[in-house]
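The primary structure of each chain is shown beneath.
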Amino acid sequence: MNLTKAKIISNEQISLRYYHMKIAIPDWSVSEVQAGQFFHIRTTDDFSPLLRRPFSIYRINELDNTLEFLYLVKGAGTKRLAERKPNELLDIFGPLGNTFTIPEMSRGLMLVARGVGIATLSALAFAAGKKGVPCFAILSARTKEDILVEKELNEVGIKTFLVNDLDSTSDLANVKVMAEELINSKQVDSIYTCGSKRLSILMKDMAEKHQLFAEIALEENMGCAMGACYACVCDIKEGNEIQTIRICQDGPVLPLKKVVLS
Ligand SMILES: Cc1cc2nc3c(=O)[nH]c(=O)nc-3n(C[C@H](O)[C@H](O)[C@H](O)COP(=O)(O)OP(=O)(O)OC[C@H]3O[C@@H](n4cnc5c(N)ncnc54)[C@H](O)[C@@H]3O)c2cc1C
């Protein structure tokens with residue numbers, strides 16, 4: 001892991017609430033970054049907010065040694081991040097955390113993302129594309145405008161299914177039908193989810209029912225991201241034992257069947 005001053009190449013608003021940032025890494029190769037990992041970023045050079053904020057890697061570009069992030073403008077930190085300009089230096093710490101697993105001989109991946117959860121899952125989709133593993137993505141958002149990176153995913157051969165709250169297509173029952181169809185058609189045998197508790201619970205049930213490999217990327221508030229502050233804990237259940245783990249150390253990618261979601 002590295003503490004780096006990366007150069008901001010671009011930082012653009014891509015919809016009402018979401019931004020896309022591209023940064024150039026000067027002194028180490030982005031080939032060491034993997035899907036699922038995240039960076040802990042100082043959103044501003046002054047001290048408000050003081051704490052770094054965690055962001056998953058959205059895209060890794062080995063050709064020009066750049067990294068891309070997608071982020072939702074939510075509170076103080078992301079508001080400051082959205083004000084950052086091209087050519088400024090961005091203080092990043094990472095890559096941190098573990099990575100997604102694509103099982104050997106996987107028939108296909110089903111990604112189920114809500115909102116900016118697709119940032120984290122896109123990196124996996126691009127990695128699957130490189131390996132030649134088919135990938136299908138159910139993208140859920142409040143509105144059609146909040147659906148992110150559909151075009152970018154389609155361009156690399158990922159089939160997308162779009163649902164939103166305004167026309168009620170994002171209802172759990174509808175998403176369940178879509179996911180069942182993909183599973184029953186035998187096109188997918190591995191499930192990945194990020195960004196919604198209720199979709200994660202649904203995917204956990206479906207993975208259990210169909211005995212499929214499944215992972216979740218968790219996005220809790222984080223303090224130090226080095227395991228010291230215990231801000232980002234979650235519960236894991238194995239058998240009858242419940243264990244509390246730190247997402248920054250043991251995650252953010254975890255086996256869906258073990259994570260306590262209720
Ligand atoms: C592994 C991981 C990956 C993630 N990836 C993404 C991603 O790709 N895209 C994305 O949009 N989001 C992602 N998130 C979520 C993202 O980190 C949060 O949305 C972001 O931290 C919000 O920061 P904020 O300051 O805008 O929001 P806030 O809600 O204001 O702050 C977030 C946290 O900081 C604390 N805080 C707020 N103000 C201060 C202050 N002045 N001083 C100290 N602490 C303060 C809050 O108590 C809260 O814990 C990810 C989270 C994790 C854990």
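Described below are features of the structure shown in this document. Everything numeric in this text was worked out from a predicted model, so none of it was measured.

**Section: empty space enclosed by the protein**
Alright, step 1. Tallied over the full model, the rule gives two cavities of 30 Å³ or more.
Alright, step 2. Here the largest cavity defines a volume of roughly 50 Å³.
Alright, step 3. Forming the boundary of the largest cavity are Ala113, Gly115, Ile118, Leu139, Ser140, Ala141, Asp146, Ile147 and Leu148.
Alright, step 4. The leading source of residues in the lining of the largest cavity is strand E9 (residues 135-141), at three residues.
Alright, step 5. A per-class count over the lining of the largest cavity returns six nonpolar, two polar and one charged.
Alright, step 6. Volume-wise, the second largest cavity comes out at about 40 Å³.
Alright, step 7. Together, Met222, Gly223, Cys224, Ala225, Gly227, Ala228, Cys229, Tyr230, Ala231, Cys232, Arg246 and Cys248 line the second largest cavity.
Alright, step 8. Looking at the lining of the second largest cavity residue by residue, the class counts come to nine nonpolar, two polar and one charged.

**Description of the site of the ligand**
Alright, step 1. Near the ligand, the surroundings consist of 23 residues, among which Arg53, Pro54, Gly75, Gly77 and Thr78 are the closest.
Alright, step 2. Within the contact set of the ligand, an oxygen atom lies 2.4 Å away from a side-chain nitrogen or oxygen of Thr78.
Alright, step 3. The side chain of Glu219 places a nitrogen or oxygen atom 3.3 Å from a nitrogen atom of the ligand.
Alright, step 4. In this structure, the ligand is accommodated by the largest pocket.
Alright, step 5. Every element with two or more residues in the shell around the ligand is listed here: strand E4 (53-56), strand E6 (66-72) and helix H1 (76-82).

Thresholds, definitions, all that
- Residues numbered from 1 in each chain as written.
- Predicted model: local features only at pLDDT ≥ 70, side-chain atom pairs only at ≥ 80, totals over all residues.
- Heavy atoms only, no water.
- 1 Å grid on protein atoms, 1.4 Å probe; cavity = no way out; pocket = protein on both sides within 12 Å on 5 of 7 lines; lining within 4 Å.
- Points joined across faces, edges and corners; volume = space filled by probe spheres on them.
- Helix = DSSP H or I, 4+ residues; strand = E, 2+ residues; numbered from the N terminus.
- Nonpolar A, V, L, I, M, F, W, Y, C, P; charged D, E, K, R; others polar.
- Near = heavy atom within 4 Å.
- Polar contact = N/O pair within 3.5 Å; in protein donor to acceptor, adjacent residues only side chain to side chain.
- Sits in = over half its atoms within 2 Å of the grid points.

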